[in-house]
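# Chain and residue survey
This is what each chain is made of:
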Amino acid sequence: MIVVERLWAGYKPGKPVVKDVSFRVGVGEILAIVGPNGAGKSTILRCLAGFIKPLKGRILVAGLDPSKTPAKTLAKIIGYVAPDVKAPPLLTVLEFVMLGRLAPRGSWKVDSEDIEVSYETLALLGIEHLAEKRLDELSTGQRQLVLLAQALAKKPRILLLDEPTASLDLKRQHDTMQLIYDLTKEQGISTVVVHHDLNLAIDYSDKVLVLNNGKVKAYGAPEEVLSSKLVQEVYGVEAKLVVVDGLLRIITLTNRSCRRGLQDAKLETRGPRN
Amino acid sequence: MATHSLAKQGLVVYHRLTRRRRLALAATTLTLIPLFLLDISIGPTPIGLKDVLNVLAGCHSCSETLHTIVWSIRLPVALAAIVTGASLGLAGLLMQTILDNPLASPYTLGVSSAAAFGAALFYVFAVKILPIADHAATLNAFAFAAFACWLVYCISRFKGFTPETLVLAGIAIGSLFHALLAFVEYLASEETLQAIVFWMFGSLYKATWSKLAVSIAVLLATASTAVYAAWKLEALRLGDDVAQSLGVDVKRVRLLAFASSALLTAVSVSFYGIIGFVGLVAPHMARILVGEDHRFLIPQSMVMGAALLSAASIACKTISPGAVIPIGIVTSFIGVPFFLALIVAKKRRYW
């Protein structure tokens, strides 16, 4: 359970990046935060994870105030995934995943459970074959999955994901978000995901929070709060909301495309060209 | 059933990873034994390896002189090489980890120039910082080394005790003491100047049993603390943000490692003078051999440092027969070719 009430946050006093934001993420619920660059999305996650203190407002994460809770306690219940990580090249994938469980404990000892759970989490993401690889041998997308594995191997009650699919291919994007969605429901996790892809945000969330200039522009179930006007206002891009096969899609329209002026060419029924 | 075999597979992978590291650590530790014995055997009066073993085993039929040479000269020096090498290796590793910089060494934060300044104060003005009659140069050096570290800590604390502020504060304080040292040297007479220069060269022949006891105690205390915090130190290598998200109290761990490294360096520099290169290179060699797992990297760095200094101690007695070249001069000659070979042979990026 995550409760955020009238949160103001920023890096310099007098210059808030997040202004008066409130939301609530229940147990087994997933919230997607979207908005343009610099809207304050990551700052909210960093407040929730306890990296920065809010300027004003109240945060409760699993009943704890992150700004007043020791990092050790937070690390055991929160799985935070950064967009990317600067990792020493000689670190192996299995070690990196295990580090998530071992670092908060403070002892050098490794239990066989740590190894087993870490390896099983890698398998869950379909990357157990990478266990012995070094982090610098991986592609950006593979590294992103390893980061996610580190957070999941902790068996967290709270998941905070900063663009977890930004470097993944189309199929992996959906597979990974589906897995996060399922785990959130099965294990009763409270999940907050920051997205740039509005359609992914729609597909795998219970609610979306649309942020612009640090302020909440919309908050609620995607089909209820999203509109083409909102997208136009927040992103400055003309967009259309359509329903295809029962799915809500946001299609961006722009008169700047170099492919303007196509006639309806029955593109869908066309097979692959040889 | 499927998950059960998966868990088993994970254990197999893990043990395969650690077995390689265990082997590397065991193999390099074993090389310390011949180095140690050779170090005792070689010198102005050569002693056969068999005699060395005999005397060490406490034989009573051996000659009095042999006994004296081994127990009061060779053995302390050989042990000092091992202990100081290990101390510098560990101090260097901790510095590289907390400063997140491959160039960091035990002397990066100005400890060596502060210590040298302390020693010079005694030689030139007979100043004694601590009111103890004996070992004034050593005690002065230690006091100033500790003082410099404390200054660096206080300055960098203003800006959140980050790697950048630590490095910059260390370089500033180091330069300050360097200038002070130069000034004192400028005022010194020719003989005292020579004493200062020789002090700085670094020599293990200053070793005594009481010094050894102190350095062994410091090494054991810092090494066990570091190994206990191995995973936290490893988390620091991922950057402060990630380390914090892994539940590491970044500032506390960094302070602990900084204090440990400062203590190790201050002790070794005030006892034996400035012995360069070991603390910079030993951690890199260790990293190439065992990777980033600090449970192995910490002891491996110590072993590499010990081996390097032991080899240097042997070399400084053999390079020019009859004379013992100060070890601070020799370490680089021994270390550079070995280090470059490792770097060139290793195609992959390792920092």
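You'll find the structure just up there.
The structure reproduced in this document is the subject of the present report. Predicted, not measured: the structure shown is a model, and the values here were computed from it.

## Examining the interface of chain A and chain B
- In this assembly, 41 residues from chain A lie in contact with 41 residues from chain B.
- Summed over both partners, the interface of chain A with chain B buries about 3700 Å², with 65% contributed by carbon and sulfur atoms.
- Three residues stand out in chain A for area buried against chain B, namely Leu90(A), Trp108(A) and Glu132(A), and they jointly supply 18% of the buried area on that side.
- There are three salt bridges connecting chain A and chain B.
- A salt bridge links Glu132(A) to Arg20(B); the shortest N-O distance between them is 3.9 Å.
- Counting across the interface, chain A meets chain B through seven residue pairs in polar contact (both at pLDDT 80 or more).
- At the level of elements, helix 2 (71–77), helix 3 (93–102) and helix 4 (112–124) of chain A are the ones that each hand at least two residues to the side of chain A that touches chain B.
- Top contributing element to the side of chain A that touches chain B by residue count: helix 3 of chain A, with seven residues.
- Tallied by class, the residues present in the side of chain A that touches chain B amount to 23 nonpolar, seven polar and 11 charged.

## A word on helix 4 of chain A
- If you check helix 4 of chain A, its first and last C-alpha atoms are 18 Å apart, about what 13 residues at 1.5 Å a residue would give, namely 18 Å.
- Turning to helix 4 of chain A, its buried residues are Asp114(A), Ile115(A), Val117(A), Ser118(A), Tyr119(A), Thr121(A) and Leu122(A).

## Focus: the sheet that holds strand 4 (residues 56–61) of chain A
All names here are of chain A.
- Overall, antiparallel pairing links the three strands, which are arranged 2-1-4 in an open sheet. Both edges of this open sheet fall to strand 2 (15–25) and strand 4, since each of them pairs with a single strand only. Across the sheet, the mean angle from the axis of one strand to that of its neighbour is 35 degrees, orientation sign disregarded.
- Pairing of strand 1 (residues 2–12) with strand 4, which is carried by five bridges, proceeds in the antiparallel orientation. Following the sheet pairing, Ile2 is matched in strand 4 by Val61.
- The sheet strands contacting helix 1 (residues 41–49) are strand 1, strand 2 and strand 4, and the helix crosses strand 1 at an angle near 110 degrees.

## Overview of the pairing of strand 5 (residues 78–81) of chain A
All names here are of chain A.
- By the alternation rule, side chains of strand 5 split into Ile78 and Tyr80 and Gly79 and Val81, which are all buried.
- Sheet topology note: the strand 5/strand 6 (residues 158–162) ladder contains four bridges and is parallel. The residue bridging Ile78 from the neighbouring strand is Ile158, located in strand 6.

## Remarks on the nonpolar core
- With 162 residues, the main nonpolar core has Leu94(A), Leu90(B), Leu238(B), Phe258(B) and Ile275(B) as its most contacted residues.
- No other element matches helix 3 (residues 64–99) of chain B, which puts 19 residues into this core.
- Listed in part, the 32 residues of the second largest apolar core include Phe51(A), Leu74(A), Ile77(A) and Val192(A).

## Details of the pairing of strand 11 (residues 247–253) of chain A
All names here are of chain A.
- For strand 10 (residues 238–244) and strand 11, the ladder comprises seven bridges, and the chain directions are antiparallel. Note that in strand 11 the partner of Val242 across the bridge is Arg249.
- Here strand 10 hands over to strand 11 after two residues, with Asp245 in that stretch at a positive phi of 50 degrees.

## Quick notes on the pattern of salt bridges
All names here are of chain A.
- Under the definition given, this model contains 24 salt bridges over all chains.
- Among the ionic pairs, Glu113 bridges to Arg101, the shortest N-O distance being 3.8 Å. You can see Glu113 sitting in helix 4 and its partner Arg101 sitting in helix 3, a full 12 residues away along the chain.
- Through salt bridges that share partners, Arg101, Arg105, Lys109, Asp111, Glu113 and Asp114 make up one connected network.

## Describing the packing of aromatic side chains
- A complete count under the given rule lists 13 aromatic pairs over all chains for this structure.
- Ring geometry for Phe117(B) against Phe144(B): centres 5.1 Å apart, planes inclined by 90 degrees, an arrangement best described as edge-to-face. Remark: Phe144(B) occurs in helix 5 (residues 136–157) and Phe117(B) occurs in helix 4 (residues 111–125); sequence separation between them is 27 residues. Here the two residues Phe117(B) and Phe144(B) agree in accessibility, since each one is buried.
- Taking the centre distance of 6.3 Å and the plane angle of 75 degrees together, the rings of Phe161(B) and Phe258(B) count as edge-to-face. Pair noted here: Phe161(B) is in the loop between helix 5 and helix 6 (163–187) and Phe258(B) is in helix 11 (residues 250–272), with a separation of 97 residues, a long-range link. In terms of burial, Phe161(B) and Phe258(B) fall into one category: buried.
- Connected via pairs of aromatic rings, a cluster forms that spans Phe117(B), Phe144(B), Phe147(B), Trp150(B) and Phe177(B).
- Sitting over the face of the ring of Trp8(A), Lys56(A) holds its NZ or CZ atom 4.8 Å from the ring centroid.

What counts, and at which threshold
- Residues numbered from 1 in each chain as written.
- Chains lettered and ligands numbered in written order.
- Predicted model: local features only at pLDDT ≥ 70, side-chain atom pairs only at ≥ 80, totals over all residues.
- Heavy atoms only, no water.
- Contact = heavy atoms within 4.5 Å.
- Buried area = accessible area lost by both parts, 1.4 Å probe.
- Salt bridge = Lys/Arg side-chain N within 4 Å of Asp/Glu carboxyl O.
- Polar contact = N/O pair within 3.5 Å; in protein donor to acceptor, adjacent residues only side chain to side chain.
- Helix = DSSP H or I, 4+ residues; strand = E, 2+ residues; numbered from the N terminus.
- Nonpolar A, V, L, I, M, F, W, Y, C, P; charged D, E, K, R; others polar.
- Expected span 1.5 Å × (residues − 1).
- Buried < 20%, exposed > 50% of the residue type's maximum accessible area, 1.4 Å probe, protein only.
- Pairing = 2+ DSSP bridges.
- Axes fitted to C-alpha atoms, helices over the stretch in contact; angles between N-to-C directions.
- Core = buried A, V, L, I, M, F, W, Y, C linked by side-chain atoms within 4.5 Å.
- Phe/Tyr/Trp six-rings, centres within 6.5 Å; stacked < 30°, edge-to-face > 60°.
- Lys NZ or Arg CZ within 6 Å of the ring centre and 35° of its normal.

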